[in-house]
Amino acid sequence: MGAGFAGVECVRRLERRLTPNEADVTLVTPFSYQLYLPLLPQVASGVLTPQSIALSLRRSRKYRTRIIPGGAIGVDLKAKVCVIRTITDEIVNEPYDYIVLAPGSVTRTFDIPGLVDHAFGLKTLAEAAYIRDHVISQLDLADASPDPAERAARLQFVVVGGGYAGTETAACLQRLTHAAVKRYPRLDPHLIKWHLIDIAPKLMPELGEKLGRSAHQILTRRGIEISLKTSIEKAGPDEVTFTDGRVVPTHTLIWTAGVAASPLIATLGAETVKGRLAVTADMALPGYDGVFALGDAAAVPDQGKGEGAVCPPTAQHAMRQGRHAAENVIATLRGEPKRPYVHKDLGLVVDLGGKDAVAKPLGIELHGLPAQVVARGYHWSALRTNVAKTRVMTNWLLNAVAGDDFVRTGFQARKPAKLRDFEYTNEYMTPEEVRAHVAASRAAQ
C-alpha cells in the first residue's frame, strides 16, 4: 500500500529477492510514480520541472509488480481484504496473504476557521505546480490592479510551518518573487512581503542552536519576516489573522505545519501511537499474521535512541525501512526469523535556494555554499533512477545559468483549488464500514 519512499523501496527489494514462482506482488497507488517529496519546494519555485521529481514506476520492462491505480480506503485485517477506490471511483476488494502498509501521511490540519477553505498545502505534485501558478498570478493581478490596497494584499504571502518544508518553501518562493518583480516595472519591490510563522520557539530545532540561528539570519537578511510562538487564528479569502492579533491582508496562505498519518490507519481498528500504527521493531503489527507497516504511517521503534523512541517521519528512515520490511516479509514467507530495524541517523540538509543552505551531515555543521553542495548532492544521489538524476541536474544547471522563468502553466484557473481539494481525506471508511462492506461483498458472491 503506497508508492512513497517506503512502499517503492519495499516493492523493488521484493522483486529482486523473490522469484516469480514464490509470490505475486501488487502495488496500490493513485499515481504510477514515486514522488521525491524533499524537492517539492523547488518545483513550487520553478527551479525544477514537475516531471523531474516524479519517478515513473512503469519505465523499466523488467519490473513485474501489478499496479492498481487507486487508493486504499479500508483494510479488514481479519478477512485479509483491502478495500480500494480506483481512480474511476469504483470500489474493489483485493485479497492478500501478506500486506505492507506504507500509505504515508497527509497534511496535518487543526480546527482553525477558514483554514481548509483558504490555505494551500504542499504535499502533492499538483499542489506544488498550482502554488507556482498562483504566486505568479498574484504578481500579474497586482500589476493590473489600480487599487493600492489590493496591490499590497496580493504582494503579501504567508507560510505557516517552521520545519523543513515550510522554511524551504518560503525561502525558494521568496527568491522567485524577488526575481520576477524585476519584470514588473509598475510594482514596487518593497511591497513584496513574505511571512514565515511557527508555533515553536525556534526555527527547525532539529538542526541545533547554531545552524537554526544561521538559517534564521539568512531568511531575515532576505527580508522574510519570521514570527515564532505564533500561529493562525482564522483565515479568510483576502486576509489572515495571527494568534498575536495581527491581521495580514493576503491572498496567499501556504500551510506546511506538519503531517499526520494517512486516514487509512484509522480504518484498521488497531493500536496507534499519536495517530501512527503501533508496530514492533521488525515492523510487524502485533496480533495479526502477515501485516507489516512502516514509513510516516507507522510508529517504528527507534532502536538507536532508546526505550520509547520512534523513528521520525523522514525520507531517510522510510527508504531504509522499505528495504528492511521487504527482507522481513521474505523471511516470514520462507519461515526464517525477522530482524529488528536499526539505523543511525546520517544527518540533515536544508536547501534555502541559490547559494544558501544549512546542513549537518554525520554531525558536522555546515552553512553557505559547502552546505548547498552537500544538500543537493544528497538529494541527487537519493533519486532512484538515472533519468531523474539527469533531469534534476539539467534543471539545476539551467537555472544557475539562465535564471528563473515566470510562465504560468494554466493550473490557476477560475475555480480555486485549496487544501481540502487535493488529498481526499474524506474518502476513507470507518472500521465498521470496512467489515460490513467486505461481508456484503462475500455474501453477494
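Residues numbered from 1 in each chain as written. Predicted model: local features only at pLDDT ≥ 70, side-chain atom pairs only at ≥ 80, totals over all residues. Heavy atoms only, no water.

We apply this condition: UniProt positions are given in the numbering used here, feature names are shortened, and annotations may be inferred rather than shown by experiment.
For the protein chain, an unreviewed UniProt entry supplies the name NAD(P)/FAD-dependent oxidoreductase and the organism Streptomyces thermospinosisporus. Here the protein chain is described in UniProt, under the heading Sequence similarities (unreviewed entry), as follows: "Belongs to the NADH dehydrogenase family."

1. What to know about the UniProt feature "domain: FAD/NAD(P)-binding" (unreviewed entry) in the protein chain
Rule in force here: In this description a helix means any DSSP run of H or I spanning at least four residues, a strand means any run of E spanning at least two, and both kinds are numbered starting from the N terminus.
When the UniProt feature table is mapped to this numbering, "domain: FAD/NAD(P)-binding" (unreviewed entry) covers residues 2-322. End C-alpha atoms of residues 2-322 are separated by 11 Å, and the span's content is 27% helix alongside 25% strand.

2. Brief notes about the pairing of strand β4 (residues 66-76)
Inclusion rule: Relative accessibility under 20% of the residue-type maximum defines a buried residue, over 50% an exposed one, and the middle range a partly exposed one, all with a 1.4 Å probe and only protein chains included. Paired strands are those between which DSSP finds at least two bridges.
With respect to burial, β4 is a largely interior element, eight of its 11 residues being buried. With four bridges connecting them, strand β1 (residues 26-29) and β4 associate as parallel partners. Across the sheet, residue Thr26 finds its bridge partner in β4, namely Arg66. The sheet contact formed by β4 and strand β5 (residues 81-86) spans six bridges and is antiparallel. Bridging from a neighbouring strand, Gly74 pairs with Val83 of β5. Linking β4 to β5, which pair antiparallel, is a turn of four residues; within it Lys80 sits at a positive phi near 55 degrees.

3. A few points about the sheet that holds strand β21 (residues 347-351)
With antiparallel pairing, three strands are arranged side by side in an open sheet as β21-β22-β23. In this open sheet, the two edge strands, each paired with only one partner strand, are β21 and β23 (366-367). Pairing geometry for β21 and strand β22 (residues 357-361), over five bridges, is antiparallel. Directly across from Gly347, in β22, lies its bridge partner Pro361.

4. A closer look at helix α4 (residues 125-144)
Residues separated by three or four positions in an α-helix point in the same direction, a consequence of the helix having 3.6 residues per turn. Put simply, the test is: A helix is expected to reach a length of 1.5 Å times the quantity of its residues less one.
The terminal C-alpha atoms of α4, which comprises 20 residues, lie 29 Å apart, in line with the 28 Å expected from a rise of 1.5 Å per residue. Across the 20 residues that make up α4, a large majority, 16, are buried.

5. With respect to the pattern of salt bridges
We apply this condition: Salt bridges are defined as contacts in which a side-chain nitrogen from Lys or Arg sits within 4 Å of a carboxyl oxygen from Asp or Glu.
Per the stated rule, a full pass over the model turns up 18 salt bridges. The residue Asp356 makes a salt bridge to Arg222 at a minimum N-O spacing of 3.0 Å. Note that Asp356 is positioned in the loop between β21 and β22 and Arg222 in helix α7 (residues 209-222), a separation of 134 residues in sequence. Salt bridges sharing partners connect three or more residues here, namely Arg13, Arg17 and Glu327.

6. Here's the deal with the nonpolar core
A general feature of soluble globular proteins is that nonpolar side chains tend to end up buried together. The following threshold applies: Residues belong to a common nonpolar core when they are buried Ala, Val, Leu, Ile, Met, Phe, Trp, Tyr or Cys residues joined through side-chain atoms within 4.5 Å.
The biggest cluster of nonpolar side chains holds 102 residues, and the ones touching the most others in it are Ile53, Val75, Leu101 and Leu277. Ranked by residues supplied to this core, first place goes to α4 with eight residues.

7. Topic: the packing of aromatic side chains
Counted only if it meets this: Geometry of aromatic contacts follows a simple scheme: Phe, Tyr and Trp rings, the Trp one being its six-membered ring, pair when their centres are within 6.5 Å, and the pair is stacked under 30 degrees between planes, edge-to-face over 60, tilted otherwise.
In this structure the tally under the stated criterion is five aromatic pairs. Summarising the aromatic geometry, the rings of Phe31 and Tyr33 are spaced 5.4 Å apart at their centres and angled 25 degrees between planes, so their arrangement reads as stacked. According to the relative accessible area criterion, Tyr33 is partly exposed, its value standing at 22%. Aromatic side chains Phe157 and Trp194 sit 4.5 Å apart centroid to centroid with 15 degrees between the ring planes, which places their arrangement in the stacked category. Placement of the pair is Phe157 in strand β9 (residues 156-160) and Trp194 in strand β10 (residues 193-198), with a sequence separation of 37 residues. On the basis of relative accessibility, which here comes to 0%, the residue Phe157 falls in the buried class.

8. Re unusual backbone geometry
Its identity is not glycine, yet Met204 carries a phi of approximately 45 degrees, on the positive side. Relative to the helices and strands, Met204 is located in the loop between β10 and α7. Residue Leu362 is not a glycine yet carries a positive backbone phi of 55 degrees. With a relative accessible area of 66%, Leu362 lands in the exposed category.

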